Each structure stands twice: as structure tokens, then as C-alpha cells.
Amino acid sequence: MAPFKFGERIVKLSVKSQQPEQPPETLPESENYLRETLAKYLTEEGREAFFDFFIQFYVDDEKTPIEDHVTEWQEADSPFIKVATLHIPSQKFDFEERKRLDEGILFSPWHTLLDHEPVGSVNLSRKRLYSELAKYRREQIAKRLREPEPYVAVED
């Protein structure tokens, strides 16, 4: 988990479901497992989802390192503080028009206010990577949406 600015301070973010589910007994085979599960949960079962949104404040480079993402920030050094509840209402989103829209969207943690921008070298690499992936996806979409061109025979 990478850190972010929080005004003049630095934090890590965490989200925890208010309705914890048991993990499946076997690994899902579908590469779209998360989307399918969420669609079923919000649409077919008509349920809503609620998540607690927490922050942890940076203390110092030893206890809460910014560049070492393997080291977990311990609650004893920096307790989680709940700052919001995220609510996702029951809804239908798993249809073709929505999927096409989703394909073209660029998600980046850099789409934020300057007071909340990502910090650290991992986030800097993510900025470039996400931008390149979005560019590639958009190029692939453009290829699929291109108008067909008439066949022109080439003479030898």
C-alpha cells in the first residue's frame, strides 16, 4: 500500500468491508471473478455494500517508511482512524454499454487534489505505468471501432 499526501502530512489508506464474507473454498476460474461477484451481490441479490475508510498517519522513516512498501505500518505506532463510510447502493452495472465505458476510463491515483497526491517512488512508477496502459487500451479500442475500408485489389 502506497502513501499519499494529506495536506502537509502523509498517510496510508485502508478500506474494510462492514459485511465481511467468507472466501470461496476453491479459487475462481474466471478472470473477471471480482466483477461477476460484485454484479451478483449488487444486482441479483439486491444488496448494498458498506466499507469503512481509514487513514494511518506517517510517524517517521523507521516506524512508518514511505519507500519500503513491504514493512507494514503497525497500529501501535500509527493507529487507524476512520474518516468515512463508503456506500455502494444496489445497482445494475454489468451491461455492454457500461463495459465499453469502463474500458476507456483511465484510473490513476494521480487523479486527485494536490493536497492528496501520491508520494514515493512506487507511486511515481505507477503514474507512468497507468498512463501507458491507458494509452494502449485506448489504441486497442480505436482499432475495434475503426470503420471498415473498402477492399482494393493490388495488381502485381
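Topic: the environment of Asp68
Part 1: You can see Asp68 is positioned in the loop between strand E3 (49–57) and strand E4 (81–88).
Part 2: Along the primary structure Asp68 and Phe57 are separated by eleven residues, whereas in three dimensions their C-alpha atoms are 15 Å apart.
Part 3: In this structure the side chain of Asp68 is engaged in a polar contact, spanning 2.4 Å, whose partner is the side chain of Thr71.

With respect to the packing of aromatic side chains
Part 1: Scanning the model with the defined rule gives three aromatic pairs in all.
Part 2: Consider the rings of Phe54 and Phe80, whose centres lie 5.9 Å apart with planes at 70°: the pair is edge-to-face. You can see Phe54 sitting in strand E3 and its partner Phe80 sitting in the loop between E3 and E4, a full 26 residues away along the chain.
Part 3: Residue classification places Phe80 among the partly exposed residues on the basis of a relative accessible area of 31%.

Observations concerning the pattern of salt bridges
Part 1: Tallied over the full model, the rule gives six salt bridges.
Part 2: Arg35 is the partner of Asp94 in a salt bridge, and the nearest nitrogen-oxygen pair spans 3.1 Å. Here the residue Asp94 occupies a position in the loop between E4 and helix H2 (96–104), and Arg35 occupies one in helix H1 (residues 33–44), the gap between them amounting to 59 residues.
Part 3: Taking the relative accessible area as the measure of exposure, Asp94 reaches 29% and is therefore partly exposed.
Part 4: Take Arg35: its relative accessible area is 26%, and that puts it in the partly exposed class.
Part 5: Between Asp94 and Lys99 there is a salt bridge; the shortest N-O distance is 3.7 Å.
Part 6: By relative accessible area, Lys99 is classed as partly exposed at 31%.

Details of the environment of Val122
Part 1: On the secondary structure map, Val122 appears in helix H3 (residues 121–145).
Part 2: Taking the C-alpha atoms as reference, Val122 lies 12 Å from Pro65; in sequence the two are 57 residues apart.

Conventions used here
Residues numbered from 1 in each chain as written. Predicted model: local features only at pLDDT ≥ 70, side-chain atom pairs only at ≥ 80, totals over all residues. Heavy atoms only, no water. Helix = DSSP H or I, 4+ residues; strand = E, 2+ residues; numbered from the N terminus. Polar contact = N/O pair within 3.5 Å; in protein donor to acceptor, adjacent residues only side chain to side chain. Phe/Tyr/Trp six-rings, centres within 6.5 Å; stacked < 30°, edge-to-face > 60°. Buried < 20%, exposed > 50% of the residue type's maximum accessible area, 1.4 Å probe, protein only. Salt bridge = Lys/Arg side-chain N within 4 Å of Asp/Glu carboxyl O.

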